[in-house]
Amino acid sequence: MADIDFYWDIVMNASSTTEIFINGGFYYYFVYPFLQKNQKSGLVGFTYVAVMLYLKFCPYEMEGITAYAIGILITFFAMNYLDRENKEKNFFLSITFFLMEWISWGCALLPWDILYEKLILPPEMMNQIWKQFGLYLFLQILSFVLKFFVMAAMVALIHRVYVCKRDKMKREEMFLMLAPSFLAAMGWFVFVYFTKIYEKDTKWNFYHLHSEYKWVLFFYQAVSFLTMFVMVVVYQRIKDAQQKEKEEVVLFHQIEDIKRHIRESENLYQEIRSLKHDMGNHIMILENLYGENEDTKNYMSQLKRQYDKAVVEMKSQNPVTDVILKEKEKEALEQGIAFYHDFHYPQSGNVNVFDISVILNNALSNAIEAAVECENPYIKIFSYCKKNAFLIEVKNSAAAKRLVDETSGLIQTTKEGEGHGYGLANIRKVAQSYYGDIDIKQEESEFQLCVMLMIF
């Protein structure tokens, strides 16, 4: 009998130790997308394993809730070491993971306990100790499988609905998100507390005496996760609404600026065209008046060349896009960026110059910011018309590939503050209003944006 007890102890210790390592891997997988995909985020999983192993083999006996509280705090500090700017989000992730671990344990415990009573505890099994041991080993493996799939499902669900993983979480948002978690933790504490009081007073094992208890615990844990999941969904919808509102505010200000720019540009454009028309007549008259004077002829030839050069400056066939291109070209050249453009405003189709201006302003501003970091910076912009499709293509040199948001497919911004990170989103919004979209391609040294508009 002593030998079989020894093997049972080995299986129990090996099971709990293996479970710690599996949960450490899940912890790393859970927090990795939230930590800007930090290559050192494995430190969180390693910290979890180290802490829980120490608490398991610690000579001082402690309650499970106390051990979990210590684990929450230490892994929280590990996440803060990797990402100090998101303490609120890190705290939420730490508490959420430990609660999901408790929930996965409860979900696996119910079928394990039912099978344990059916397979191992029947009277006829009492004398078949090695068969009992084999069945126990089978149940431990089954428990690992159940916990693995339950935990994997919960982590996958949280990852799927929590889209804004890299956004900062405000303190009041953290309290809102943790409200269901705190209620679940309090329920857990109540379950443990009253179970211990009952067992202390009656000397009976409450869990095995009242079989319905395990069902109550199972449903409580399932509802606890469902509540946390719903809160994450609500939080994401709030963040989506805030993001949309910010994008609309930025877009509104951009359109207002463009409208003012358009009025000024059109007035200036008309004045320039009138002036050029008059200048052409003045040059012709002066040439006739001064006749064959050599100095006068040279002066008039030079003036005419300057005039001809100015005449061809307006290339895009629209005064507004001409001004935008000239301003962006000037900005690029001042920063040492080569600027090539062959852009032509569509002369047919239902297209609004405001919308084209939003695309050009945002696309070229992003291109300048990316190209200025390169050794041989350049920007190229082209436009094409293919039947009803109007394509705008912007290429620029890039120092490295940018991170792409997995959900939106847009480039993640590295800038902070209001008004940043909405350029591509606004371009996409304009393109989709014309039943089109954008396409992003990245190579090692070049970034390419293609915008398609359907104009009828």
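1. Let's talk about the overall build of the chain
- From N to C terminus, the chain includes 12 helices and 5 strands.
- Taken across its 456 residues, the chain has 41% of its residues classed as buried.
- For the chain, the share of sequence-separated contacts (at least 6 apart) that also reach a separation of at least 24 residues comes to 71%.
- Total accessible area on the chain stands at roughly 26,200 Å², and carbon and sulfur atoms take up 59% of it.

2. Let's talk about the pattern of salt bridges
- Tallied over the full model, the rule gives 8 salt bridges.
- A salt bridge links Glu 331 to Lys 328; the shortest N-O distance between them is 3.8 Å. Here Glu 331 pairs with Lys 328, and both are found in helix H10 (residues 319-334), just 3 residues apart, close to one helical turn.
- The buried category is assigned to Lys 328, whose relative accessible area is 11%.

3. Description of the side chain of Gln 221
- Mapped onto the elements, Gln 221 comes out in helix H8 (residues 212-290).
- Apart from the residues lying within four places of it in its own chain, the contact partners of Gln 221 are Trp 102, Ile 103, Trp 105, Gly 106 and Cys 107.

4. Description of the packing of aromatic side chains
- In the structure shown here, the tally under the stated rule is 25 aromatic pairs.
- Geometrically, the ring pair formed by Phe 148 and Phe 149 is edge-to-face, given 5.7 Å between the ring centres and 90° between the ring planes.
- Residue Phe 148 is classed as partly exposed on the basis of its relative accessible area, which comes to 41%.
- Relative to Phe 390, the ring of Phe 343 has its centre 6.2 Å away and its plane inclined at 70°; by these criteria the two rings are edge-to-face. Pair noted here: Phe 343 is in the loop between strand S1 (338-342) and helix H11 (353-371) and Phe 390 is in strand S3 (residues 389-397), with a separation of 47 residues, a long-range link.

5. Points about the confidence of the model for the chain
- In the predicted model, the chain carries a mean pLDDT of 81, and 83% of its residues have values of at least 70.
- For residues 416-420, every residue scores under 50 in pLDDT, and the model assigns this stretch 5 contacts once sequence neighbours within four places are set aside.

6. A look at the pairing of strand S4 (residues 437-442)
- Relative to strand S5 (residues 446-454), S4 runs antiparallel, the two sharing 6 bridges. Across the sheet, Gln 442 pairs through a bridge with Phe 447, a residue of S5.
- Between S4 and S5, which pair antiparallel in sequence order, lie 3 residues.

Each value, and the rule that gives it
- Residues numbered from 1 in each chain as written.
- Predicted model: local features only at pLDDT ≥ 70, side-chain atom pairs only at ≥ 80, totals over all residues.
- Heavy atoms only, no water.
- Helix = DSSP H or I, 4+ residues; strand = E, 2+ residues; numbered from the N terminus.
- Buried < 20%, exposed > 50% of the residue type's maximum accessible area, 1.4 Å probe, protein only.
- Contact = heavy atoms within 4.5 Å.
- Areas by Shrake-Rupley, 256 points an atom, 1.4 Å probe, with all protein chains shown as cover.
- Salt bridge = Lys/Arg side-chain N within 4 Å of Asp/Glu carboxyl O.
- Phe/Tyr/Trp six-rings, centres within 6.5 Å; stacked < 30°, edge-to-face > 60°.
- pLDDT = per-residue confidence, 0-100.
- Pairing = 2+ DSSP bridges.

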